[in-house]
Amino acid sequence: GMEGQRSCRTPCPNPFDYKTQKFILTHSRMVGTLHRLLQLCILGYLFGWVFLVKKGYQEMDSDPRVSVITKLKGSTITKTQEFGNWLWDVVDYVKPPQGENVFFLVTNAIITPKQRQGHCPEHPSIPDAQCIKDSDCPMGEPVVGGNGIKTGKCVMLDLSQSTCEIYSWCPVENAPLSRHPLLAAAENFTLFIKNTIQFKKFNFLQMNTQTTDDDAYFKTCLYDPVSFPLCPVFRIQDALQEAGYDFQTIAVKGGVVRIIVDWDCDLDRSAICLPHYSFSLQDVHYNFRTVQYYWGKDEREFRKLIKLYGIRFDISVTGKAGRFHIVPATVNLGAGLALLGVVSTACKLLYLHTHTHTHTHIVPATVNLGAGLALLGVVSTACKLLYLHTHTKAYYTYPVCLVKNYCNKESQTDSTFFK
Ligand SMILES: *[C@@H]1O[C@H](CO)[C@@H](O)[C@H](O)[C@H]1NC(C)=O
């Protein structure tokens, strides 16, 4: 009784009391202007950048499921001295022919026909095969970077050159690469890309051939970045040109071209979504060897060695889709408003520190304590902001989890933060 009364000289705090702070309106032009300026900056950032540019009010899906099917069309006849007229169709010049998203288009070749196993001199361009006498070619040793196994003999090719004789597929590949691409006509071949993209989160599926109702359109159209940017039929030469290179130059030694199909879907704006195609050359010089085996009249096996030069196309699909959702909108708005709080507190601090002299004779201790606490407030708000910006996903699933079964595994572990 008595003790209780003594300690309660001032009215006892009631748990149901609501405390408010007393505001003082001051006239500091400098702090006032700074305060307004910072507020304007933050509002500009919030509505200009976060909401308009970054579409902070949307729920995003940037992990689409995609599939790509390709088909090339065109054929040509090549004329060479050794092989005469030779027709090339899709099956001959596309490897593999299944219509995958990575494929190789033959543009040039070195053909070495009628090779059979036996003894012949190694190619003189290989350093390890250079020799002067037989002992330079120890029998049974493979030629480093060469085509076969040394037989122990040094053979004179002409007056100036000798190389080791090897056991190999003979004769070794020797023809020079043509400076004029064998399949120069491939510049007019066409590539059709059929692409499906699916955003699971929004249950949205779209094909790049569904952007018009005219079925015949895709049979006759040809891609052009300005006049027909949606047509998925590309002339090979145009694709190279878009990548910044000339087909006939690249075709001599080959290269790698990347085609990116990018989908940027704003599902608030439109129910159909349009792809954007872009091209870039990733590498110059691309070749590999392949062989065809056959039996000669004497029942001995021959092979035809073909070194193919060409352009490898890598087609990749990227995309993201967004649609308005109340949770990210609220979270981003909240984060922006918290930033306003930081500015307010910082300005209060600044005011206290620059104007203390007017109060010193009254309560210097209180002012300094107040300033210290305000500093704590800044730290608190800054941490809240940092958390919101790094953990938006967790923050965002927490209220939703309560409403509907929206929780995936990741967010469940994150939401323990709030318990
Ligand atoms: C490709 O087609 C154009 C126009 O039809 C033609 O002028 C050109 O000669 C063709 N290119 C080749 C290498 O055949």
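Residues numbered from 1 in each chain as written. Predicted model: local features only at pLDDT ≥ 70, side-chain atom pairs only at ≥ 80, totals over all residues.

## Quick notes on the site of the ligand
Link 1 in the chain: Residues in close proximity to the ligand include Ala184, Ala185, Glu187 and Asn188, which together make up its full environment.
Link 2 in the chain: Of the residues belonging to the shell around the ligand, the class tally is two nonpolar, one polar and one charged. (Near = placed C-beta within 6 Å. Nonpolar A, V, L, I, M, F, W, Y, C, P; charged D, E, K, R; others polar.)

## Focus on the UniProt feature "glycosylation site" (unreviewed entry) in the protein
Link 1 in the chain: Under the present numbering, the feature "glycosylation site" (unreviewed entry) in UniProt falls on Asn188.
Link 2 in the chain: Residue classification places asparagine 188 among the partly exposed residues on the basis of 13 C-beta atoms within 10 Å.
Link 3 in the chain: Those residues in contact with asparagine 188 that sit more than four places away from it in its chain are Gly74, Arg235 and Gln237. (UniProt positions renumbered as here; feature names shortened; annotations may be inferred. Buried ≥ 20, exposed ≤ 12 C-beta atoms within 10 Å, placed from the backbone. Contact = placed C-beta atoms within 7 Å.)

## Quick word on helix H2 (residues 29-53)
Link 1 in the chain: Helix length check: H2, at 25 residues, gives a terminal C-alpha distance of 34 Å against a target of 36 Å (1.5 Å per residue), a fit within 8%.
Link 2 in the chain: Once H2 ends, the next one or two residues include lysine 55, with phi positive near 50 degrees. (Helix = DSSP H or I, 4+ residues; strand = E, 2+ residues; numbered from the N terminus. Expected span 1.5 Å × (residues − 1).)

## Observations regarding helix H7 (residues 326-354)
Link 1 in the chain: In a regular helix each residue adds 1.5 Å, so 29 residues correspond to 42 Å; H7 covers 42 Å between its end C-alpha atoms and thus fits that length.
Link 2 in the chain: Buried within H7 we find Pro328, Val331, Asn332, Ala335, Gly336, Leu339, Thr345, Ala346 and Tyr351.

## Some thoughts on the packing of H2 against H7
Link 1 in the chain: Here H2 crosses H7 at 165 degrees, and the two axes come no closer than 10 Å. Comparing the axis directions of H2 and H7 gives the class roughly antiparallel. When you trace H2 past H7, the crossing you get is right-handed. Between H2, through Val31, Leu34, His35, Leu38, Gln39, Ile42, Leu46 and Val50, and H7, the contact on the second element is made entirely by Asn332, Gly336, Leu339, Leu340, Val343, Cys347, Leu350 and Tyr351.
Link 2 in the chain: Counted by class, the contact of H2 with H7 contains 12 nonpolar, four polar and no charged residues. (Axes fitted to C-alpha atoms, helices over the stretch in contact; angles between N-to-C directions. Parallel < 35°, antiparallel > 145°, perpendicular 65-115°, else oblique. Left-handed = near helix turned anticlockwise from the far one by under 90°.)

## With respect to the pairing of strand S8 (residues 162-170)
Link 1 in the chain: Pairing of strand S6 (residues 102-121) with S8, which is carried by six bridges, proceeds in the antiparallel orientation. Residue glutamine 117 lies in a different strand from S8, and its bridge partner there is tryptophan 169.
Link 2 in the chain: Where strand S7 (residues 149-156) lies against S8, five bridges are found, and the strand directions are antiparallel. Bridge assignment links valine 155 to a residue of S8, and that residue is threonine 163.
Link 3 in the chain: Hairpin connection between S7 and S8: a loop of five residues separates the two successive antiparallel strands. (Pairing = 2+ DSSP bridges.)

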